[in-house]
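Commentary on secondary and tertiary structure
One-letter residues, chain by chain:
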Amino acid sequence: MEKKMAEDKFPAWRGKLEYQCLECGATWPASELYYSCPKCGGILLLRDTKFDELKKTPGHEWQKIFDNRATTRIPALRGVFRFYELMAPILDEEDIIWLGEANTPIVEAAQRLQNQTGIRFAFKNDGQNPSASFKDRGMACAFSYLKWICRVNKWQEVLTICASTGDTSAAAALYAAYVGPPLKSVVILPKGKVTPQQLSQPLGSGATVLEMPGVFDDCMKVVEYLADHYRVALLNSKNSWRILGQESWAYETAQWQAWDMRKTAVFIPIGNAGNITAIMSGFLKMLALGIIDTLPQIFGVQSSHADPVFRYYHSQANQRQWQPVKVRPSVAQAAMIGNPVSFPRVRLLAEKYQQIAGEEAFQIIQVREQEIIEAMLEANRHGHIACTQGGECFAGLKKAFAAGQISRDCFAVLDSTAHILKFAGFQEKYFQDNFEPEYEIKPDKKLRNSPQPLLENRNREEIPDSEIGSLGGEELARLLQLQPR
Ligand SMILES: *Cc1c(COP(=O)(O)O)cnc(C)c1O
Ligand SMILES: [Zn+2]
């Protein structure tokens, strides 16, 4: 069928979304806020009951639609809603918020680094999102939905609330500040366990910030209690609207690769396991619609200091038992979670994924703290902006490659989930060799970098302005043994 170039119009298609309980199968209407099944407490995912109608459009048509939309001038379609029909196709144009999130670059690793590693790979820099982490993808969808539901129900005030390892609260506070009333943002952080940069973000956005003793898992319990007993909008990844938004990572990765996922692997750090859920879900949806015809290999990566998902999949298949772990300090702090809320989602989707694409299509890798931070430093010394979780993915790639779990002719896309600047404190601890012993990190002096003094012991007041250039310049030239020209 011959089709004209798509017009730059907001899509007319509307789906029909409902929550589906992964435990008992009950379904609940999308016109209410649900975070767990009212019947059995099970975790939910959103399902489009009209999804099969999308199959009437062939996969290559969808590719064209999404490729055309890549140049849209409609702000609502510039972010995660480029993939509107796969996202939340019940929202109207006026509901959709776009703060510049999504469409982050996939930057091929420096050639030297690829040669050294022995395999082709790239970082998808999700730190280039507005609040500097991938969490903006989920928030763009969740907040657009909140706008819709407030409009439809004429709600006067809605408190948005989340527990956070740092980035969820930064993203939630940013989007809440942009929307304004009727939304108000409250975030709960584990005291001393988010970086100063991450703490400054919700404060700067004007959110109410609460710090409590304990770790993320404790904050989560407070938030869950509130969501069960009060009318609040929970914004952790238990919120299935966030999962939908985060599926966009998979759509973009496929689009970037011209919808060809053969010989491709993706590496995702696992914390609360929302992101890996979303990414598997996204690839499965594209496969169902014929938009891609192969599933990429998925590697989830965990630190040995917070590795419940790794432990689960590395026990005998017939003896697997879900067991939360007590976390120990980790430089991959945004993934430092002992009882991931989305684990039941992962188990379900991983099973589907492996049924279609084989056992090796979904694997979990465990890495050590030392490997994580050094992989990050190595990446950044080759021109990247990887955060500690990006370093975790790179360490995972090296490990998978060494163990033969990924073949030499594959191309790996590593999710660098945040910007390095959020985690500058860990780099500093490494350079100054002052990690607390629980991190189990012994810095390699060769990787150290620190500022060196110039014109030390000189009093600036005593140097005339006309001489500062030559004085400093000559000292530097001696220091670096420069040749005069
Ligand atoms: C939240 C977060 C993670 C972990 O993602 P989950 O969806 O919780 O598994 C990893 N890296 C960064 C930077 C994060 O903010
Ligand atoms: Zn249920």
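Here we summarise the structure given alongside this text.

Procedures and definitions
- Residues numbered from 1 in each chain as written.
- Chains lettered and ligands numbered in written order.
- Predicted model: local features only at pLDDT ≥ 70, side-chain atom pairs only at ≥ 80, totals over all residues.
- Heavy atoms only, no water.
- Helix = DSSP H or I, 4+ residues; strand = E, 2+ residues; numbered from the N terminus.
- Rg over C-alpha atoms; globule rule 2.2 N^0.38 Å.
- Buried < 20%, exposed > 50% of the residue type's maximum accessible area, 1.4 Å probe, protein only.
- Contact = heavy atoms within 4.5 Å.
- Pairing = 2+ DSSP bridges.
- Axes fitted to C-alpha atoms, helices over the stretch in contact; angles between N-to-C directions.
- Arc of directions from axis to C-beta.
- Near = heavy atom within 4 Å.
- Polar contact = N/O pair within 3.5 Å; in protein donor to acceptor, adjacent residues only side chain to side chain.
- Areas by Shrake-Rupley, 256 points an atom, 1.4 Å probe, with all protein chains shown as cover.
- 1 Å grid on protein atoms, 1.4 Å probe; cavity = no way out; pocket = protein on both sides within 12 Å on 5 of 7 lines; lining within 4 Å.
- Sits in = over half its atoms within 2 Å of the grid points.
- Nonpolar A, V, L, I, M, F, W, Y, C, P; charged D, E, K, R; others polar.
- Salt bridge = Lys/Arg side-chain N within 4 Å of Asp/Glu carboxyl O.
- Core = buried A, V, L, I, M, F, W, Y, C linked by side-chain atoms within 4.5 Å.
- Donors = N, O, S within 2.8 Å, 3.2 Å for Na, K, Ca; no water.
- Tetrahedral: all angles 85-135°; square planar, octahedral: opposite > 155°, others 65-115°.
- Expected span 1.5 Å × (residues − 1).

**Quick notes on the overall build of the protein chain**
Of the regular secondary structure elements, the protein chain holds 15 helices and 13 strands. Since a compact globule built from 485 residues should have a radius of gyration of about 23 Å, the 24 Å found for the protein chain is in line with a globular shape. Across its three principal directions, the C-alpha atoms of the protein chain cover 75 × 55 × 50 Å. Per-residue burial over the protein chain gives 56% buried out of 485 residues. Long-range pairs, those at least 24 residues apart, make up 73% of the contacts in the protein chain between residues at least 6 apart in sequence.

**Section: the sheet that holds strand β3 (residues 44-48)**
Reading across from one edge, β2-β1-β3 is the order of the 3 strands in this open sheet, with antiparallel pairing throughout. In the strand order of this sheet, the two ends are held by β2 (27-29) and β3, each with one partner. Each neighbouring strand pair of the sheet contributes to a mean axis angle of 35 degrees, computed without reference to strand direction. Where strand β1 (residues 17-21) meets β3, 5 bridges bridge the pair, whose relative direction is antiparallel. Bridging from a neighbouring strand, Q20 pairs with L45 of β3.

**Remarks on the sheet that holds strand β8 (residues 208-212)**
Strands sit in the order β8-β7-β6-β9 across an open sheet of 4 strands; the sheet is parallel. The outermost strands of the open sheet, each flanked by one partner alone, are β8 and β9 (232-234). Put simply, the sheet's adjacent strands are angled 25 degrees from each other on average, direction ignored. In the sheet, strand β6 (residues 158-163) pairs with β9 via 3 bridges, with the strands oriented parallel. Considered in β9, the bridge of I161 is made with L234. Where helix α4 (residues 167-179) meets the sheet, it contacts β6 and β7 (183-190), and its direction lies at approximately 165 degrees from that of β7.

**Considerations on helix α14 (residues 424-432)**
Among the residues making up α14, those that are buried are F426, Y430 and F431. Seen end-on, α14 carries its buried residues on one side only, within an arc spanning 140 degrees. Of the surrounding elements, those touching the buried residues of α14 are α12 (369-380) and α13 (388-402).

**Quick look at the site of ligand 1**
Near ligand 1, the surroundings consist of 14 residues, among which K135, D167, N272, N275 and T417 are the closest. One nitrogen or oxygen atom from the side chain of K135 is found 2.6 Å from an oxygen atom belonging to ligand 1. A distance of 3.2 Å separates an oxygen atom of ligand 1 from a polar atom in the backbone of G274. Contact with the protein chains covers 98% of the free accessible surface of ligand 1, which is 380 Å². The pocket occupied by ligand 1, as judged from atoms lying within 2 Å of grid points, is the largest cavity. In terms of residue class, the shell around ligand 1 is built from 6 nonpolar, 6 polar and 2 charged.

**Concerning the pattern of salt bridges**
For the structure shown, the criterion picks out 25 salt bridges. Across the pair D52 and K55 runs a salt bridge whose closest N-O atoms are separated by 2.9 Å. Take D52: its relative accessible area is 52%, and that puts it in the exposed class. The class of K55 is partly exposed, set by a relative accessible area of 43%. Here the salt bridges share partners, and the residues they tie into one network are R14, D92, E94, D95 and R151.

**Considering the nonpolar core**
Formed by 109 residues in total, the largest nonpolar core has its most connected members in F143, W241 and F283. In terms of residue count, helix α3 (residues 135-153) provides more of this core than any other element does, 10 residues in total. For F143, the contacting residues outside a window of four places in its chain are I97, T160, A172, Y175, A176, V179, L183 and L235. If you look at the next biggest cluster of nonpolar residues, it comprises 43 residues, including F121, V367, A375 and L397.

**Focus: the coordination of the zinc ion (ligand 2)**
Ideal geometry at a metal centre gives angles of 109.5 degrees when four donors are arranged tetrahedrally and 90 or 180 degrees when six donors are arranged octahedrally. The protein atoms that coordinate the zinc ion (ligand 2) are C21 (SG), C24 (SG), C37 (SG) and C40 (SG), at distances spanning 2.3 to 2.4 Å. Geometry at the zinc ion (ligand 2) is tetrahedral, judged from its 4 donor atoms and the angles of 98 to 116 degrees they form at the metal. Along the chain, the residues donating to the zinc ion (ligand 2) are arranged with the sequence spacing C-x2-C-x12-C-x2-C. Placement of C21 in strand β1 and of C37 in the loop between β2 and β3 is noted, with a sequence separation of 16 residues between them.

**Regarding α3**
Over its 19 residues, α3 runs 26 Å from end to end, which matches the ideal 27 Å to within 8%, given 1.5 Å per residue. The first or second residue beyond α3 is K154, which carries a positive phi of 55 degrees.

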